[in-house]
Amino acid sequence: MPEQLLYAMEVTLNGLMAGVMYSLVALGFVLIFKASGVFNYAQGVLALFAALTLVGLQNGQVPFAHVINAIFDTNLHTFGWKLPALLAILLAAAVMVLLAIIIERLVLKHLVSQAPIILFMATIGLAYFLEGLGDVMWGADIKKLDVGLPQGISDTIESLTDRWFGYGFFIDNLDIVATLVAVVLVASLTLFSQYSKQGRALRAVADDHQAALSVGISLRFIWVLVWSIAGFVALVAGIMWGTKSGVQFSLSLIALKALPVLMLGGFTSIPGAIVGGLIIGVGEKLFEFSIGPMVGGATENWFAYVLALLFLVFRPQGLFGEKIIERV
Amino acid sequence: MKTKFVSLVVAGICAAAPAMADLVIPNMSYRTGAYAPGGIPYADGFNDYFTLLNARDGGIGGEKVSVPECETAYNTEKGVECYEATKGLGSLVYNPLSTGITYQLIPKALVDHIPIYTPGYGRTSAANGKVFEWVFNYPANYWDGASVAIKYLLDQNGGSLAGKKIALVYHNSAYGKEPIRTLQDLAAKHGFTLTELPVDAPGQEQKSQWLQIRRDKPDYVLMWGWGVMNAVAVQEAANIKFPMENFIGVWWSGSENDVVPAGDGANGYKSLAMHGTGMDYPLYADLKTFVYDAGKASGNGDQIGSVLYSRGVYAAMVIAEAARKAQELAGTSAINAVQMREGFENLEITEARMAELGLPNFGQPFAASCADHGGPGAAMLQQWDATAKKWNLITGFIAPDQEVLDPLIAADSEAFAKEAGITQRCN
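Not measured: the values here are computed from a predicted model.

1. Details of the interface of chain A and chain B
Each side of the interface is counted separately: chain A has 35 residues, and chain B has 34 residues. Contributing elements (two or more residues each) for the side of chain A that touches chain B: α1 (3-36), α10 (219-245), α12 (270-290) and α13 (300-314) of chain A. Looking at the side of chain A that touches chain B, the element that brings in the most residues is α1(A), giving five residues. Here the side of chain A that touches chain B is composed, by residue class, of 13 nonpolar, twelve polar and ten charged.

Written as C-alpha cells, this is what we have:
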C-alpha cells in the first residue's frame, strides 16, 4: 500500500478519536439546549470547574486556601489526605449536582419566561463567575490530573497495523478510553431519556414548556436535572482533556472546539453531537495533513468552522437538528 | 453622604497611588486567563525582590520602590491599557512580559521616553541600541536562544549537523515565529533540514503536528511554546515515544508547569535556561527573613524557587541594578525615566556583583553600551528529572553564533529605523 495512503488512514483514525473528544464537550451543550432552548456559554467553564474540583478533592486541597490564609493569617494548603480516584470522581459529580441546584435557585428560577437571549446572557455571566470562583477555590496553577487512565501509544494497534500494512499506526490509549466512555455515555443518556420517567419529562419539557407544565411536570426540577447531567458530562470531558493537558484555565477553551461540532450536528441531537464531532475531527485532520503543508499549517482551528459553515449553507439546522418550520 | 463618598474615593486613590518620591516600577502581570500558570510565579518573584530591597535596604539608594501591579491577562490591548494607566505615576521602566505587548509599546516608549526592558522576549532586533534607544533585552533574546540550541546540537554531533532533520514546533504568534528566520539561516549554514510546525493558541490539540513528527522522524525537535501548549507538546512527545533528550524547548518552554502534567513521560526533556533556578542561593536566606517569614510574600507564596519565579527575581534584580547605576550617574536618588534609561545603557553586571547580591553563578555577566542593548546572549541547557521533580543544569553558558545573528539584527533594526524615521546613533 502506498505510504501516503497509510498515513492518510492513520490521520483519519486519529481524526475520529479527536472528534470523540470534541463530542464529549458538545454533548453538554446539546443536553441543556434540548431541554431549555438555552445555549449554555458556560459549558466549557463547567468542564474546567469540574476538573479543578476533582483534582482538588483528590489531592485533599483546602478550597479557598488563599482567602482563608489571607484573612486568618494561617498557612493552610492541604488536608493531608489523598482520595482514591473513584471516590473523588463521585464527590466531584456530587459537587456538580450541588452547583446545578445553586444555579437553578440563584439564576434560572428568576429568569423563567424570559427570552432565550436573556438566558444566554445569564450563562455568559455564569461562565465568568465560575472561572473566577474556580481560581479562588483551587488556585490558577497548572495541576496534574491522574485518575489512572492510560496514555501513550497503543502497542497492540501499532503491532497489528504493522503486521497488516508494514506501518504501525499511532493511536493514543487515552483516545480509545474516551471513545469507550463516549459510547457508554451516549447509550446511557439515550436509555435515560427514552425509558425513564424523568427522561420522558425532560423530553416533554423540550417539546413544549407550557404543555409540560400543564400536566404537572416541574420545570424547576427538570432544569436542575438537566444542569446536573450537563455538569456530569462536563466532568467527564474535564477528566479526558485534563488528563491530556493538565488542569488549568485553557481547559475552558475546549468549548471553542465544540461550537463547529454543534453547528454541524445540530444543537438538539445527541447522535448529532457524536457524528458532528467525528466529521469535524476527521475533516480538520485530513485537511491539515493534505493541504496544511501548502499553506503554512495550523489550519485546524479555522478549518473546523469553515466545514461547519459549509454544512450550514445546506442544512441550517445542522445534520440532525429539528427541521425549522415557520407557520404564518 | 455625597461628601463622604467623594472623601472615600479620594482616600482610596491616595492609598493606591505610590508616594511621589517612590521609584515606580510597574509589574505588568497576568494572574488570570490561559497563561496565568506562567504569569503568577514570574510576578511573585518580581514583587518579592523589590519587597526585599524595601524591607532590608530601605529601597534603592534610600528611595523606596513602589511596584504597582496591573493585570494584562497576556492580552495586548489590556497591556497597552496598563501602560497608559500607570505611566502617569512616574514609571521608570516597563517589563511587559509579552512579545505582543512589547511590539505595541516600542513606538510609545519613543514618544514617552520610558525604557522598556524585555529580558529573553520581545523584539529581538531591539538588541541594536543604535536604533532602539529606549528598549533593552539583555541578557539574551530569541535568536540567541535558537543559535544556542543549534550550537549545543552541533556539540552533541561532533560539530556537524549535515543531513540531520530538525523540527520546530512553535506557538503560531509573533513570539513563536521569532526564531524561524535564524533557524533557516543556521540550517543553510550547517546543512540540516528544518521543518516548521505551527500550533494555534492555546495549543491543546496537537495531534496533527506530532503525527507528522512521528512520520518524518526528525533527529531533534525544538519548541517555542508558551502556556498549555508546552505541557501538551511534552505529553504528545512522550505518547509517540519521541526520545525526550532530543526535545529542546526555549526558556519559555522550560518551567515546572510544562513537565509536571506529563509525569514520568517528561523525564529527560531539555530546555534552554538563561539563569539558574532553585533556592540554593544566599539571596533566599534574606528573602526568607525579610519577606517570607515576615508574611510579605507575593501571591500565595507557593511558587518560591520555581523556574519562572527565578526569572521574575532575575528581571527585578537587573532593573534594580539599572536604577542604582542611574542614581550614580545622575547624582541623585530620585531618578526619572530618562535617567533610568542611562542606567540601563551603562549597566554592567559582573560575577562579583551577582555574588554580592546573593546570586552567584545565577546569570551571565554582561556590560551594556550605547550600541549593545542585547548582552552576550548566552544560555545554558537544563534537563528535567521526573523522579526528583527537578531541573538540572547540564551545560555551562553557551555563546550564540554572532556571525549569523549580527547581520539579521542589523537588517531587522535598520528596516525599523527606516520605517519609523529614526536616525541611528552611537556613531
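Moving on from the model shown.
2. Quick notes on the pairing of strand β15 (residues 390-393) of chain B
Residue and element names in this part refer to chain B. Pairing of strand β14 (residues 380-385) with β15, which is carried by four bridges, proceeds in the antiparallel orientation. Across the sheet, residue Q383 finds its bridge partner in β15, namely N392. What sits between the antiparallel neighbours β14 and β15 is a turn of four residues, in which K389 has the positive phi angle 50 degrees.

3. What to know about the domain arrangement of chain B
All names here are of chain B. Under the domain assignment used here, chain B contains domain 1 (2-141 + 279-377 + 407-420) and domain 2 (142-276 + 380-404). Computed over C-alpha atoms only, the centres of domain 1 and domain 2 are separated by 27 Å. If you list the elements that add at least two residues to the side of domain 1 that touches domain 2, you get α2 (36-57), α4 (99-112) and α12 (307-330). Of the residues that constitute the side of domain 1 that touches domain 2, the class distribution is 13 nonpolar, twelve polar and one charged.

4. Examining the sheet that holds β14(B)
Where strands meet in a sheet, backbone hydrogen bonds hold them as pairs that are either parallel or antiparallel. Residue and element names in this part refer to chain B. The seven strands lie next to each other as β8-β7-β9-β10-β11-β14-β15, forming an open sheet whose pairing is mixed. Each edge of the open sheet carries a strand with a single partner, namely β8 (193-199) and β15. When the angles between neighbouring strand axes are averaged without regard to direction, this sheet yields 25 degrees. Of the pairings in the sheet, the one linking strand β11 (residues 270-273) to β14 comprises four bridges and is antiparallel in character. Bridging from a neighbouring strand, A273 pairs with M380 of β14.

5. Notes on the environment of A415(B)
Residue and element names in this part refer to chain B. Checked against the element boundaries, A415 lands in helix α15 (residues 402-420). Judged by the 12 C-beta atoms lying within 10 Å of it, A415 falls in the exposed class. Once the C-alpha coordinates of A415 and N54 are considered, the two residues, 361 residues apart in sequence, prove to be 42 Å apart.

6. With respect to the nonpolar core
One finds A47(A), A51(A), L54(A), V226(A) and A379(B) to be the most contacted residues of the largest nonpolar core, which totals 235 residues. Taken together, domain 1 (2-141 + 279-377 + 407-420) and domain 2 (142-276 + 380-404) of chain B each give at least three residues to this core, which thus spans both. Dropping the residues within four chain positions of it, L54(A) is found in contact with A88(A), I89(A), A92(A), L145(A), L235(A), G238(A) and I239(A).

The rules behind the values
- Residues numbered from 1 in each chain as written.
- Chains lettered and ligands numbered in written order.
- Predicted model: local features only at pLDDT ≥ 70, side-chain atom pairs only at ≥ 80, totals over all residues.
- Contact = placed C-beta atoms within 7 Å.
- Helix = DSSP H or I, 4+ residues; strand = E, 2+ residues; numbered from the N terminus.
- Nonpolar A, V, L, I, M, F, W, Y, C, P; charged D, E, K, R; others polar.
- Pairing = 2+ DSSP bridges.
- Domains from an automatic or database assignment.
- Axes fitted to C-alpha atoms, helices over the stretch in contact; angles between N-to-C directions.
- Buried ≥ 20, exposed ≤ 12 C-beta atoms within 10 Å, placed from the backbone.
- Core = buried A, V, L, I, M, F, W, Y, C linked by C-beta atoms within 7 Å.

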